[in-house]
Amino acid sequence: MSDFDAIVVGAGPAGSAAALELARAGRSVCLLERGPTPGSKNMYGGVVYGRILDTLVPGWWEQMPVQRWVTRRSTMLIHDDRALTVDFRHPGWGAAPFNGATTFRPDFDAWLAGLAVDAGASLVCSTTATGLIREGGRVVGVRTDRPDGDLRAPVVIACDGVNSFLAKEAGMYPHTDAANFTVGVKETISLPREVIDERFGVRGEEGVDIEILGCTGDVPGGGFVYTNATSVAVGLVLSLPALAAGGDRPEELLRRLKAHPAIAPLVEGGEVLEYSAHVIPEAGYEMMPELVGDGILVAGDAAAMCLAAGIWLEGVNFAIGSGAAAGRAAAQCIARNDTSAAALAAYRRALESSFVLADHRKLRAAPHLVMGDLAQRGLPAVACGVMEDLFTVRNPEPKPGVRRIVRTQMRRHGVRARDAVREGLRALRAFG
Ligand SMILES: Cc1cc2nc3c(=O)[nH]c(=O)nc-3n(C[C@H](O)[C@H](O)[C@H](O)COP(=O)(O)OP(=O)(O)OC[C@H]3O[C@@H](n4cnc5c(N)ncnc54)[C@H](O)[C@@H]3O)c2cc1C
């Protein structure tokens with residue numbers, strides 16, 4: 001006897017999108033969240049890319065809780081005290097239908113979960129799913145930490161985030177390799193709105209997203225700076241095995257980033273409101289588990305669907321895309337009274353024909369490339385060196401030719417031409 005048609009574990013973006021689609025299809029769905037409210041346990045950098053909401057929540061921008069609309073995206077390469085930035089501005093992104101917005105997770109997650117509840121989902125917070133209930137080799141529900149808290153349903157959707165215990169218990173992760181994970185650390189620094197506007201060159205509700213390479217010392221990774229209404233988020237994403245192997249601590253690397261001449265003027269005088277950290281499934285497609293089992297689907301970070309490909313760090317839209325697809329597939333299978341793995345495989349097929357797996361498959365080599373030595377060290381050092389040589393006026397010496405500058409910088413930083421060409425070709429293939 002089932003308590004619900006479906007149980008969704010985790011009220012992050014993936015879980016709430018799944019519950020929303022199930023409830024809209026008229027299915028009874030329990031959305032379990034271990035935190036006291038959706039979003040209370042969650043952290044991220046700060047930007048949600050909203051296109052995925054167009055069909056799910058038409059006109060979403062009129063109701064989603066937003067800090068700022070991102071109208072400026074920069075990619076910064078740092079070497080020593082120098083920085084080279086490619087800065088793209090698009091005022092059109094500050095008007096409907098918008099592109100991306102900074103938003104706080106407690107606000108965003110609570111909003112999305114609220115839509116699922118309004119559609120009829122039962123949200124149960126402060127409740128942890130502690131394991132799966134299985135019968136005859138298939139999943140038939142979850143155990144929870146509440147007294148008499150077992151819940152039964154023909155389908156469970158595991159949206160319990162990175163390190164999904166449920167997907168592991170179901171045997172869907174063949175092996176776990178620490179090299180597939182990074183840890184993200186972030187400080188939220190309070191500053192008056194007009195100070196942020198002036199320092200970042202924006203006004204009104206406009207906001208900025210800066211992605212940074214070359215700011216993580218000996219630890220492969222990257223950095224970011226995002227503007228909220230009256231605070232700035234500064235963070236790092238760091239390779240887990242490199243951190244574990246010793247060397248610099250995340251907070252020390254973050255301190256150094258904040259002290260860098262390109263970043264310090266943006267955050268100085270601000271008060272640190274919050275320090276947070278969270279693991280990221282960095283390797284994407286290469287680490288994805290089985291997505292479908294008998295009576296179970298896995299979505300969002302639980303299925304390693306965060307896209308961490310250097311210039312892109314997108315997880316929330318991938319979580320919503322996969323969660324919604326899981327909810328729709330589950331609803332159809334429940335209606336047909338068949339939630340076997342074969343029937344639920346419609347979920348995988350839906351993802352294959354959507355951006356979720358298309359982007360991941362196309363960019364499968366990108367995370368590895370971005371964490372490689374050339375992208376981490378060679379590229380920022382050579383790029384900053386070339387800029388320095390180009391723009392340093394050495395009169396009475398004549399200007400050196402660009403080719404000589406590039407060759408000199410590559411030699412100085414130990415980048416061999418054939419390695420650069422090989423990695424360049426790999427990058428073209430990975431991002432092409
Ligand atoms: C430092 C950092 C920066 C990032 N920056 C960005 C960014 O700017 N933009 C972007 O799009 N993405 C970003 N991401 C990625 C993004 O945060 C994730 O991809 C996204 O949150 C995944 O959503 P999810 O719903 O799958 O998982 P989560 O958001 O992790 O939600 C999982 C939920 O499940 C709950 N839960 C877990 N286990 C249980 C259990 N056993 N029982 C009940 N509930 C449970 C958790 O409390 C949580 O609410 C960033 C991540 C990090 C760490």
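Criteria and thresholds
- Residues numbered from 1 in each chain as written.
- Predicted model: local features only at pLDDT ≥ 70, side-chain atom pairs only at ≥ 80, totals over all residues.
- Helix = DSSP H or I, 4+ residues; strand = E, 2+ residues; numbered from the N terminus.
- Rg over C-alpha atoms; globule rule 2.2 N^0.38 Å.
- Buried ≥ 20, exposed ≤ 12 C-beta atoms within 10 Å, placed from the backbone.
- Pairing = 2+ DSSP bridges.
- Expected span 1.5 Å × (residues − 1).
- Contact = placed C-beta atoms within 7 Å.
- Near = placed C-beta within 6 Å.
- Domains from an automatic or database assignment.
- Axes fitted to C-alpha atoms, helices over the stretch in contact; angles between N-to-C directions.
- Core = buried A, V, L, I, M, F, W, Y, C linked by C-beta atoms within 7 Å.
- Arc of directions from axis to C-beta.
- Parallel < 35°, antiparallel > 145°, perpendicular 65-115°, else oblique.
- Left-handed = near helix turned anticlockwise from the far one by under 90°.
- Nonpolar A, V, L, I, M, F, W, Y, C, P; charged D, E, K, R; others polar.

**Observations regarding the overall build of the chain**
So, step 1. When its secondary structure is counted, the chain shows 16 helices and 20 strands.
So, step 2. Taken over the C-alpha trace, the chain has a radius of gyration of 23 Å; the compact-globule value for 432 residues is 22 Å, and the two agree within 12%.
So, step 3. With respect to the principal axes defined by its C-alpha atoms, the chain has extents near 90 × 45 × 40 Å.
So, step 4. Put simply, the chain has 432 residues, and 48% of those count as buried.

**A short note on the pairing of strand 8 (residues 129-135)**
So, step 1. Sheet topology places strand 8 next to strand 9 (residues 138-144); six bridges connect them, and they run antiparallel. Following the sheet pairing, A129 is matched in strand 9 by T144.

**Quick notes on helix 1 (residues 13-24)**
So, step 1. The end-to-end C-alpha distance of helix 1, which contains 12 residues, comes to 16 Å, matching closely the 16 Å that a straight helix rising 1.5 Å per residue would cover.
So, step 2. Taking burial as the measure, the 12 residues of helix 1 include 11 buried ones, the bulk of the element.
So, step 3. Among all positions of helix 1, only P13, A14, G15, S16, A17, A18, A19, L20, E21, L22 and A23 are buried.
So, step 4. Residues of helix 1 that are buried sit in contact with strand 1 (6-9), strand 2 (29-32), helix 2 (53-56), helix 3 (105-119), strand 11 (155-158) and helix 9 (316-335).
So, step 5. Within two residues after helix 1, G26 carries a phi angle of roughly 85°, on the positive side.

**Quick notes on the site of the ligand**
So, step 1. Near the ligand, the surroundings consist of 39 residues, among which G10, G12, G184, G300 and G315 are the closest.
So, step 2. Of the residues that make up the shell around the ligand, three or more belong to each of domain 1 (6-65 + 104-174 + 289-361) and domain 2 (68-102 + 176-285).

**Section: the sheet that holds strand 10 (residues 151-152)**
To summarise the sheet geometry, strands pair through backbone hydrogen bonds and adopt either a parallel or an antiparallel arrangement.
So, step 1. Strand order in the open sheet made by the three strands is 8-9-10, with antiparallel pairing throughout. Strands with a single pairing partner mark the edges of an open sheet, and in this sheet they are strand 8 and strand 10.
So, step 2. Strand direction decides the pairing type here: strand 9 and strand 10, joined by two bridges, are antiparallel. Counted as the bridge partner of G141 is R152 from strand 10.

**Things to note about the sheet that holds strand 1**
So, step 1. On the basis of which strands lie adjacent, the open sheet formed by six strands has the order 7-2-1-11-18-17 and mixed pairing. The sheet is open, and its two borders are formed by strand 7 (122-124) and strand 17 (292-293), each paired with just one other strand.
So, step 2. Note: strand 17 against strand 18 (residues 296-298), two bridges, orientation antiparallel. Paired with G293 across the bridge in strand 18 is I296.
So, step 3. Set on the sheet, helix 9 makes contact with strand 1, strand 11 and strand 18; between it and strand 11 the angle comes to about 175°.

**A few points about the nonpolar core**
So, step 1. In terms of nonpolar packing, the biggest core is built from 131 residues, with I157 and L297 touching the most fellow members.
So, step 2. The element best represented in this core is helix 9, accounting for 12 residues.
So, step 3. The contacts of L297, once residues within four sequence positions are left out, are V155, I157, L291, V292, A326, A329, A330, L344 and Y347.

**Thoughts on the environment of A330**
So, step 1. As for its position among the elements, A330 is in helix 9.
So, step 2. C-beta crowding within 10 Å serves as the criterion here: with 32 such atoms nearby, A330 is assigned to the buried category.
So, step 3. Sequence separation of A330 and V202 is 128 residues, and the distance between their C-alpha atoms is 44 Å.
So, step 4. In this view, A330 contacts A6, L22, V155, I157 and L297; residues no more than four positions away in its chain are not counted.

**Examining helix 12 (residues 355-362)**
So, step 1. Every buried residue belonging to helix 12 is among V356, L357, D359 and H360, and all of these are buried. Each buried residue of helix 12 sits inside an arc of 160° when the element is viewed along its axis, so together they form one side. Opposite the packed face of helix 12, turned more than 90 degrees from it, sit the exposed residues A358 and R361.
So, step 2. At its buried positions, helix 12 is contacted by strand 19 (307-308), helix 9 and helix 11 (346-352).

**Observations concerning unusual backbone geometry**
So, step 1. With omega at 10°, the peptide bond leading from A96 into P97 counts as cis.
So, step 2. Assignment of secondary structure puts P97 in the loop between strand 5 (82-89) and strand 6 (100-102).
So, step 3. For the bond from N395 to P396, the omega torsion is 15°, close enough to zero to count as cis.
So, step 4. Within the secondary structure, P396 is located in the loop between helix 14 (373-391) and helix 15 (402-412).
So, step 5. Here N163, not a glycine, exhibits a phi torsion of approximately 70°, which is positive.
So, step 6. Looking at where N163 falls in the secondary structure, it is placed in the loop between strand 11 and helix 4 (165-169).
So, step 7. Judged by C-beta crowding, with 14 C-beta atoms within 10 Å, N163 ranks as partly exposed.

**Concerning the packing of helix 14 against helix 15**
So, step 1. Two elements in contact, helix 14 and helix 15, have axes separated by 9 Å at closest approach and are oriented at 135°. It follows that helix 14 is oblique to helix 15 by the angle criterion. Pair helix 14 / helix 15 crosses with right-handed handedness. Facing helix 14, whose interface residues are V382, G385, V386, D389 and L390, helix 15 presents I405, V406, Q409, M410 and R412.
So, step 2. Each residue belonging to the contact of helix 14 with helix 15 can be placed in one class, and the counts come to six nonpolar, two polar and two charged.

**Comments concerning the domain arrangement of the chain**
So, step 1. According to the domain assignment, the chain consists of domain 1 (6-65 + 104-174 + 289-361), domain 2 (68-102 + 176-285) and domain 3 (372-431).
So, step 2. Taken over C-alpha atoms, the centre of domain 2 sits 25 Å from the centre of domain 3.
So, step 3. Looking at the side of domain 2 that touches domain 3, the elements that each hand over two or more residues are strand 4 (68-79) and strand 5.
So, step 4. Counted by class, the side of domain 2 that touches domain 3 contains six nonpolar, two polar and one charged residues.

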